[in-house]
Amino acid sequence: MSEKFEAIKKRESNLICNTYGRYPLAVSRAKDCRLYDLDGVEYHDFLAGIAVCSLGHSREDLAEVMAEQARKMVHVSNLFYQEPQLDLAEKLLSTCAAGKVFFCNSGAEANEGAIKLARKYMHTVRNEDRYEVITLEKSFHGRTLSTLTATGQYGPIKEGYNPLPEGFVTVSFGNVNALRGAINAHTAAIMIEMVQGEGGVRPLPQDYVNDIVALCKENGILLIVDEVQTGVCRTGRFWAHQHYGITPDIFTSAKALANGLPMGAVLCSDEVAKGFTPGSHATTFGGGAVVSAVAAKVIDIMLEEKMADRALKMGEFAKKQVLELRKKHPETIAGTRGLGLLFGIELAKNGPEIWKGLLEHKVVCNLTQGTVLRLVPPLTVTEEDILFFMRALDEVLTSVEG
Ligand SMILES: Cc1ncc(COP(=O)(O)O)c(C=O)c1O
């Protein structure tokens, strides 16, 4: 570790709450698909701020939109009508079958809003005592008390926060009978990710999704899809649920929506939107002019440059390379999973060591569930970048396998 790194690490320990197990890397600059440390050393970025900077880092076109809007109006509050928010809403709604949107600031806040909307719709519009939300094992929905409770993971993420809110049930993944058994007279919604990101890059099988949709219909309950990580072209469609040919009653977005500025959204059908009325939900910063202007530009670029197609193509390219590499390392590489550029490499062993080796080879990615390398690079990633990653992985595996 360089002296500069040791110094920044020490400085932080005196200042910032100790919630993050940080990587041994301090980033001073980021451009396109590259990160630079304090000494100017370059890293290939296959993380994109955890699926956030999907159009690449520090773009001139987005910086211009940001600066121009910041000179005109940054924040006036949601007490006022504002065109940038409406321009964004029109663009966002044109990408899907939803009829209305509520803007907020993060993934957790979007999911919190979705849960509140499901309850409120059942209470106010349907006049039914339905409030319970069913989620899946290994899901991840956020860190607020209710999204944390919805999250199907255990350990430090949940420990010490009791009492957790009531009204959440988690069932085992892939088991329709478990879902059916969990539905009762108080169930308001089933909430899923189309590909579990934090849960190890696990796509939901199509048949399972069909069964979930059928269960929702039969029982008159809502389907909520958490597209915080999967949305905005990452999986090869603008929204991952579009791969499955389904229309959720509510879905959420955040992460890539404003390419690094904090923004979240709850999208829903016109029917479900009737649940929200003035005063029933709000947030100070949601849909602010600067983030809205940037997110609108993000959508333009995503559509004009066909980023969903690119994600699909690059995901396929990466898959081919990994399967090729598996022939050389059959004991360590178990396979690939994911959709588009929400791409997982399953490791049979030595996950943490391999992840660390990649970082030493100047490649940044993430390890989920201890065994799956999660690659969520900017969608602008090139074949050369992917080949660079594969060469590094080959070298690391060769060295780890001894
Ligand atoms: C599927 C999913 N939902 C919700 C969240 C929470 O988003 P945020 O960290 O913006 O609150 C995440 C974050 O990783 C996520 O992957």
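Report on the accompanying structure. Remember, it's a predicted structure, so these values are computed and weren't measured experimentally.

**Notes on the site of the ligand**
Piece 1. If you check the shell around the ligand, you find 13 residues, and the closest are Gly107, Ala108, Asp226, Gln229 and Lys255.
Piece 2. Residue phenylalanine 140 places a main-chain N or O atom 3.3 Å away from a nitrogen atom belonging to the ligand.
Piece 3. In isolation the ligand exposes 390 Å². Once the protein is present, 81% of that is buried.
Piece 4. A total of three residues in the shell around the ligand trace back to one element, the largest contributor, which is helix H5 (residues 107-125).
Piece 5. Here the residues of the shell around the ligand sort into three nonpolar, six polar and four charged.

**Describing the pattern of salt bridges**
Piece 1. Scanning the model with the defined rule gives 15 salt bridges in all.
Piece 2. In this structure, glutamate 128 engages arginine 130 in a salt bridge whose closest nitrogen and oxygen atoms are separated by 2.7 Å.
Piece 3. Residue glutamate 128 is classed as partly exposed on the basis of its relative accessible area of 28%.
Piece 4. Glutamate 346 is paired through a salt bridge with arginine 337; the nearest N and O atoms lie 3.1 Å apart.
Piece 5. Here the salt bridges share partners, and the residues they tie into one network are Arg34, Glu42 and Asp385.

**Considerations on H5**
Piece 1. Here H5 contains 19 residues, and its C-alpha end-to-end distance of 26 Å stays within 8% of the 27 Å for a straight helix at 1.5 Å per residue.
Piece 2. Among the residues making up H5, those that are buried are Gly107, Ala108, Ala110, Asn111, Gly113, Ala114, Ile115, Leu117, Ala118, Tyr121 and Met122.
Piece 3. Of the residues trailing H5, asparagine 127 is marked for its positive phi of about 55°.

**Overview of the sheet that holds strand S10 (residues 222-226)**
Piece 1. The sheet built from seven strands is open, its strands ordered S4-S12-S11-S10-S7-S5-S6 with mixed pairing. Every interior strand has two partners, whereas the edge strands, strand S4 (100-104) and strand S6 (168-171), have only one. The average angle at which neighbouring strand axes cross in this sheet is 20°, direction not considered.
Piece 2. When strand S5 (residues 132-136) meets S6, the two strands line up parallel, connected through four bridges. Residue pairing in the sheet places valine 133 in a bridge with phenylalanine 168 of S6.
Piece 3. Helix H4 (residues 83-93) rests against S4 and strand S12 (264-268) of the sheet, and its axis sits at about 125° to S4.
Piece 4. With respect to the sheet, H5 is in contact with S4, S5, S6, strand S7 (187-192), S10, strand S11 (250-253) and S12, its orientation differing from that of S11 by roughly 165°.

**What to know about helix H3 (residues 60-72)**
Piece 1. For H3, spanning 13 residues, the distance from its first C-alpha to its last is 19 Å, which sits close to the expected 18 Å at 1.5 Å a residue.
Piece 2. Those residues of H3 lying buried are Leu62, Val65 and Gln69. The buried residues of H3 occupy one face: seen down the axis, they fall within an arc of 60°. Opposite the buried face of H3, at more than 90 degrees from it, the exposed residues are Glu60, Glu64 and Arg71.
Piece 3. For H3, the secondary structure elements touched by its buried residues are H4 and helix H10 (289-304).

**Here's the deal with a nonpolar patch on the surface**
Piece 1. Together, Val76, Leu79 and Phe80 line one region of the surface with nonpolar side chains, adding up to about 330 Å² of accessible area.
Piece 2. Assignment of secondary structure puts leucine 79 in the loop between H3 and H4.
Piece 3. Accessibility expressed as a relative area gives 75% for leucine 79, which makes it exposed.

Thresholds, definitions, all that
Residues numbered from 1 in each chain as written. Predicted model: local features only at pLDDT ≥ 70, side-chain atom pairs only at ≥ 80, totals over all residues. Heavy atoms only, no water. Near = heavy atom within 4 Å. Polar contact = N/O pair within 3.5 Å; in protein donor to acceptor, adjacent residues only side chain to side chain. Areas by Shrake-Rupley, 256 points an atom, 1.4 Å probe, with all protein chains shown as cover. Helix = DSSP H or I, 4+ residues; strand = E, 2+ residues; numbered from the N terminus. Nonpolar A, V, L, I, M, F, W, Y, C, P; charged D, E, K, R; others polar. Salt bridge = Lys/Arg side-chain N within 4 Å of Asp/Glu carboxyl O. Buried < 20%, exposed > 50% of the residue type's maximum accessible area, 1.4 Å probe, protein only. Expected span 1.5 Å × (residues − 1). Pairing = 2+ DSSP bridges. Axes fitted to C-alpha atoms, helices over the stretch in contact; angles between N-to-C directions. Contact = heavy atoms within 4.5 Å. Arc of directions from axis to C-beta. Patch = residues over 30% accessible without salt bridge, like charges linked within 9 Å, V, L, I, M, F, W, Y side chains within 5 Å.

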